[in-house]
Amino acid sequence: MDVYLEHSADTLHTFNWSDYAMDFEHETTEVFTYEDGRIKELIIYVSFNNELFRNSREVYTWLPNGNLDQTIRYFWDMQSETWNYLQKENYFYDEKDEIILEVHSGWEYELNSWEEYFHFRIDRHRDNSGNTLVEEAWFWSLFIGKIWLPSYKNEYEYDEKDRLYTAVYSYPWDGAFVKSNKEVYFYSDYRNEFTSVLLYNYSDDEWIPSFKFTDVEWYDFENFQLQSITSWSTEDDFDWDKKDEVDWIPFMKETFEYENPAGKLTRYQQDMYFWGSWYEIAQVLRKYNEYNFLTRLDVQYHDMTSWETELAIAVDGEFNSEGQPVNLRISYFDAWEGDEWINLQWLLFGYKTDVPTSLPIIKPADFVKVYPNPVTSHIFLASEQITENIE
């Protein structure tokens, strides 16, 4: 199980738990360089026998408007002690700053040049208001004949207030696009938020109702944060053509709760419709610290009497005065693996404007032993650290 965290650290040391050693083992050290608030370079070192070895490097180039322009990946050659090209991605955008082309290249050492091996292209057609009417995606590969092949196609229609009315989705088949699904959106007269959606499947040249969403309530439409929504299915999965009209059956209710004023999702619940009644089925609980950093996530199921935790992730740690994580211990609980918490990762963050050429390596024995209760508010590191030169 991997856990990915957004951060702005200059260095990140990752220690994964080893059941064999019954302790944390140093896996990688990542060194970040930033420019104008964006990542410019990432160098990854791997740890072996408490020594750091260069492994990979990524260099990012950004356009003035903030769009990613290019990514170049390198690998470290231990014999020549140099960074060597590995892969490159270039990105191209239209006048609305939406991506229209990705070009992936690999370094060809015999030719001493880049060779393009994969393209992904999106063709968009818009109306006079700038709304996308048709979006076709194609891909090109060096390994399948250097020809453009279809990926997906989306077609959109809008009402007189420029609100999305229908969306038709097509998939590739035998070199062409074949219609698959359609969504129809319904609105209140005075609002831009849709209140219900009707879904269709395409079969035998006609659209067949398959699913619908009603009672759509919004917490924040601009950020697509729902407050509640009810979904309905058609009468019988085997009655696929619905020749005898559609009989809608309640399927699921979803509710969302947020923490003001940050707008962080704190609770999500699913209720299912069975035998003429609604039943609580599942919920996801999220907890944040005073810096709006996610510290606990619980997935629970209802056994008709109470909520039981099936999966949980806890993040214990220390934060600096800016709310940035300094050191974190991540553990998880899986009811299928026994009634106990399992160690996962220890992350050590560094915030320095000038990254030193010598990075700290913490021996697993230097860590305080992990205690089973993940609810404590802080963790503490042993004071002694070992430093190895990485030049």
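Residues numbered from 1 in each chain as written. Predicted model: local features only at pLDDT ≥ 70, side-chain atom pairs only at ≥ 80, totals over all residues. Heavy atoms only, no water.

Caption draft 1: Layout of the overall build of the protein chain. Per the secondary structure count, the protein chain includes zero helices and 24 strands. The buried share of the protein chain, reckoned over its 391 residues, is 40%. When the accessible area of the protein chain is evaluated, it comes to approximately 23,100 Å², of which 49% is carbon and sulfur surface. (Helix = DSSP H or I, 4+ residues; strand = E, 2+ residues; numbered from the N terminus. Buried < 20%, exposed > 50% of the residue type's maximum accessible area, 1.4 Å probe, protein only. Areas by Shrake-Rupley, 256 points an atom, 1.4 Å probe, with all protein chains shown as cover.)

Caption draft 2: Representation of the environment of Asn201 in the model. Relative to the helices and strands, Asn201 is located in strand 13 (residues 194–203). Judged by its relative accessible area of 35%, Asn201 falls in the partly exposed class. Residues Asn201 and Val168, spaced 33 residues apart in sequence, show a C-alpha to C-alpha distance of 9.9 Å. Among all residues touching Asn201, those that are not within four sequence positions of it are Ser180, Asn181, Glu206, Trp207, Ile208 and Ser210. Here Asn181 takes part through its side chain, which lies 2.8 Å from a polar atom of the side chain of Asn201. (Contact = heavy atoms within 4.5 Å. Polar contact = N/O pair within 3.5 Å; in protein donor to acceptor, adjacent residues only side chain to side chain.)

Caption draft 3: Structural detail: the environment of Phe75. Its location among the elements puts Phe75 in strand 5 (residues 68–77). Considered as a pair, Phe75 and Arg57 are 18 residues apart in the sequence and their alpha carbons are 6.3 Å apart. Those residues in contact with Phe75 that lie beyond four places of it in its chain are Asn55, Thr82, Trp83, Asn84, Tyr85, Leu86 and Tyr109.

Caption draft 4: Looking closely at the pattern of salt bridges. Under the definition given, this model contains 17 salt bridges. For Glu95, the salt bridge identified is with Arg126, shortest N-O distance 3.4 Å. Here the residue Glu95 occupies a position in the loop between strand 6 (82–93) and strand 7 (99–108), and Arg126 occupies one in strand 8 (residues 113–126), the gap between them amounting to 31 residues. A relative accessible area of 66% places Glu95 in the exposed class. Here Glu193 ties to Arg191 by a salt bridge, and the two come within 3.2 Å at their closest N and O atoms. Three or more residues joined by partner-sharing salt bridges are found here, namely Asp94, Glu95, Glu98, Arg124, Arg126 and Glu135. (Salt bridge = Lys/Arg side-chain N within 4 Å of Asp/Glu carboxyl O.)

Caption draft 5: Quick look at the nonpolar core. Membership of the largest hydrophobic core comes to 14 residues, with the highest contact counts inside it found for Leu12, Val315, Leu328, Ile330, Leu347 and Phe349. Residue assignment for this core shows that the elements contributing at least two residues are strand 3 (38–48), strand 21 (325–334) and strand 22 (341–350). Sorting elements by how many residues they give to this core places strand 22 first, with four residues. Membership of the second largest hydrophobic core comes to 12 residues, among which are Leu199, Val216, Trp218 and Tyr258. (Core = buried A, V, L, I, M, F, W, Y, C linked by side-chain atoms within 4.5 Å.)

Caption draft 6: Representation of the packing of aromatic side chains. This model, assessed by the stated rule, comprises 31 aromatic pairs. Where Trp138 meets Phe177, the ring centres are 5.3 Å apart and the plane angle is 80°; that geometry is what we call edge-to-face. Taken together, the residues span a long stretch of sequence, with Trp138 in strand 9 (residues 132–141) and Phe177 in strand 12 (residues 176–187) at a distance of 39 residues. When its relative accessible area of 21% is taken as the criterion, Phe177 is described as partly exposed. Taking the centre distance of 4.8 Å and the plane angle of 90° together, the rings of Trp218 and Phe221 count as edge-to-face. A relative accessible area of 10% means that Trp218 is categorised as buried. Taken together, the aromatic side chains of Tyr185, Tyr187, Phe194, Trp218, Phe221 and Phe224 make up a single cluster linked through ring pairs. Seen from the ring of Tyr74, Arg57 lies directly overhead, with NZ or CZ sitting 4.7 Å from the centre. (Phe/Tyr/Trp six-rings, centres within 6.5 Å; stacked < 30°, edge-to-face > 60°. Lys NZ or Arg CZ within 6 Å of the ring centre and 35° of its normal.)

Caption draft 7: Expanded view of the side chain of Gln269. Checked against the element boundaries, Gln269 lands in strand 17 (residues 264–274). A distance of 2.7 Å separates a polar atom in the side chain of Gln269 from a polar atom in the side chain of Asp271.

Caption draft 8: Quick look at the environment of Ala335. Tracing the backbone through its elements, the reader meets Ala335 in the loop between strand 21 and strand 22. Distance in space between the C-alpha atoms of Ala335 and Ala312 is 9.0 Å, their sequence separation being 23 residues. Those residues in contact with Ala335 that lie beyond four places of it in its chain are Thr309 and Glu310.

Caption draft 9: Main features of unusual backbone geometry. With a phi angle near 50°, Asp215 is a residue other than glycine that sits in the positive phi range. In this fold, Asp215 is placed in strand 14 (residues 206–220). If you check the backbone angles, Met304 has positive phi at about 80° while not being a glycine. When you line up the elements, Met304 lands in the loop between strand 19 (294–302) and strand 20 (307–319). With relative accessibility at 51%, the residue Met304 sits in the exposed group.

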